[in-house]
Amino acid sequence: MTYESFAVIKPGSTVLVIAPLLSEQSEKFQKLEFKATYIGKNVSENEAIEQGKYDFVFGSPEVLVGDTKWREILKSDVYQKHMALIVVDEAHTVVQWGKSYDTEEPFREWFARIGELRSLCPNASMAALIDRHIRSKPKEKNNETVVFPCTF
């Protein structure tokens with residue numbers, strides 16, 4: 001996890017994390033004593049999420065991009081002011097899960113629409129992360145995929 005430093009460097013900011021394993025990653029951050037949760041964990045936490053009271057908010061692209069309620073929350077003054085970083089963890093899943101092949105529908109089509117978060121939160125930095133083991137394997141060339149190095 002390379003993005004946990006944001007809560008220390010920019011206290012009061014929020015990091016939005018799109019990840020396939022929401023509960024596990026959220027729990028890891030809680031053990032590190034960060035305020036972290038994921039959307040859908042508990043309806044009673046939604047108000048605190050909406051008010052930007054968490055350092056890290058984990059969510060699926062289906063919720064963050066596909067649900068009108070959460071799109072509006074991300075466009076709210078609270079999130080426009082506090083959103084420091086959008087992280088796509090396990091970014092290789094964006095291509096694998098968001099793309100359709102021949103006659104098959106994509107496994108999780110909302111992964112292909114994660115880029116819409118950029119227009120919802122234009123002031124936040126964005127990072128796409130992959131496991132070092134994935135980086136060391138040969139990649140299939142894909143004209144639709146572009147990887148940009150990012151710095152914080």
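The structure under discussion appears in the preceding block.
Keep in mind that this is a model prediction, so the values were computed, not measured.

J.: Help me understand the pattern of salt bridges, please; the structure alone is not making it clear to me.
T.: Oppositely charged side chains may form a pair once their charged atoms are brought near each other. Tallied over the entire structure, the rule returns four salt bridges. The shortest N-O distance in the salt bridge between Lys69 and Glu50 comes to 3.6 Å. With Lys69 in helix H5 (residues 68-75) and Glu50 in helix H3 (residues 46-50), this residue pair connects regions lying 19 residues apart in the sequence. Accessibility expressed as a relative area gives 39% for Lys69, which makes it partly exposed. With its nearest N and O atoms 3.1 Å apart, the salt bridge here joins Glu72 to Lys75. Of this pair, Glu72 and Lys75 both sit in helix H5, three residues apart, which is roughly one turn of that helix. By relative accessible area, which is 41% here, Lys75 ends up partly exposed. Bridged by salt links that share partners, the residues Arg71, Arg113 and Glu116 form one connected network.

J.: Explain helix H2 (residues 22-31) to me, please; I cannot follow it from the model alone.
T.: Think of an α-helix as turning once every 3.6 residues; residues three or four places apart then point the same way. All of the buried residues along H2 are Leu22, Gln25, Ser26 and Phe29. Looking straight down H2, one finds that the buried residues subtend no more than 100° of arc, so they occupy a single side. Among the structural elements, strand E2 (36-38) and strand E3 (56-59) are those in contact with the buried residues of H2. The first or second residue beyond H2 is Glu33, which carries a positive phi of 70°.

J.: Looking at this structure, I do not really get the sheet that holds E2. What am I missing?
T.: One key point about sheets: their strands pair by backbone hydrogen bonds, in either a parallel or an antiparallel sense. Pairing in this open sheet of five strands is parallel, and the strands run E2-E3-E1-E4-E5 from one edge to the other. At either margin of the open sheet sits one strand with a lone partner, and together these are E2 and strand E5 (125-128). Pairwise comparison of adjacent strand axes, ignoring direction, gives a mean angle of 20° for this sheet. Examined bridge by bridge, strand E1 (residues 14-18) and strand E4 (residues 83-88) share five bridges and lie parallel to one another. The partner of Val17 across the bridge, within E4, is Val87. Packed on one face of the sheet, H2 meets E2 and E3 and runs near 170° to E2.

J.: Just to check I follow, could you spell out the environment of Thr14 for this structure?
T.: Note that Thr14 resides in strand E1. Look at Thr14 and you get buried, because its relative accessible area is 1%. Setting aside residues no more than four positions away along its own chain, Thr14 makes contact with Gly52, Tyr54, Asp55, Val57, Tyr79, His82, Met83, Ala84 and Leu85.

J.: Please explain the nonpolar core as it appears in this structure.
T.: As a rule of thumb, soluble globular proteins bury nonpolar side chains together. One finds Leu74, Met83, Ile86 and Leu117 to be the most contacted residues of the largest nonpolar core, which totals 22 residues. Of all the secondary-structure elements, those providing two or more residues to this core are E1, H5, E4 and helix H8 (116-120). Among residues more than four places away in sequence, those in contact with Met83 are Thr14, Leu16, Leu74, Cys121 and Ala124. Ala7, Val15, Ala19 and Phe29 belong to the second-largest nonpolar core, a separate cluster that totals 17 residues.

What counts and how
Residues numbered from 1 in each chain as written. Predicted model: local features only at pLDDT ≥ 70, side-chain atom pairs only at ≥ 80, totals over all residues. Heavy atoms only, no water. Salt bridge = Lys/Arg side-chain N within 4 Å of Asp/Glu carboxyl O. Helix = DSSP H or I, 4+ residues; strand = E, 2+ residues; numbered from the N terminus. Buried < 20%, exposed > 50% of the residue type's maximum accessible area, 1.4 Å probe, protein only. Arc of directions from axis to C-beta. Contact = heavy atoms within 4.5 Å. Pairing = 2+ DSSP bridges. Axes fitted to C-alpha atoms, helices over the stretch in contact; angles between N-to-C directions. Core = buried A, V, L, I, M, F, W, Y, C linked by side-chain atoms within 4.5 Å.

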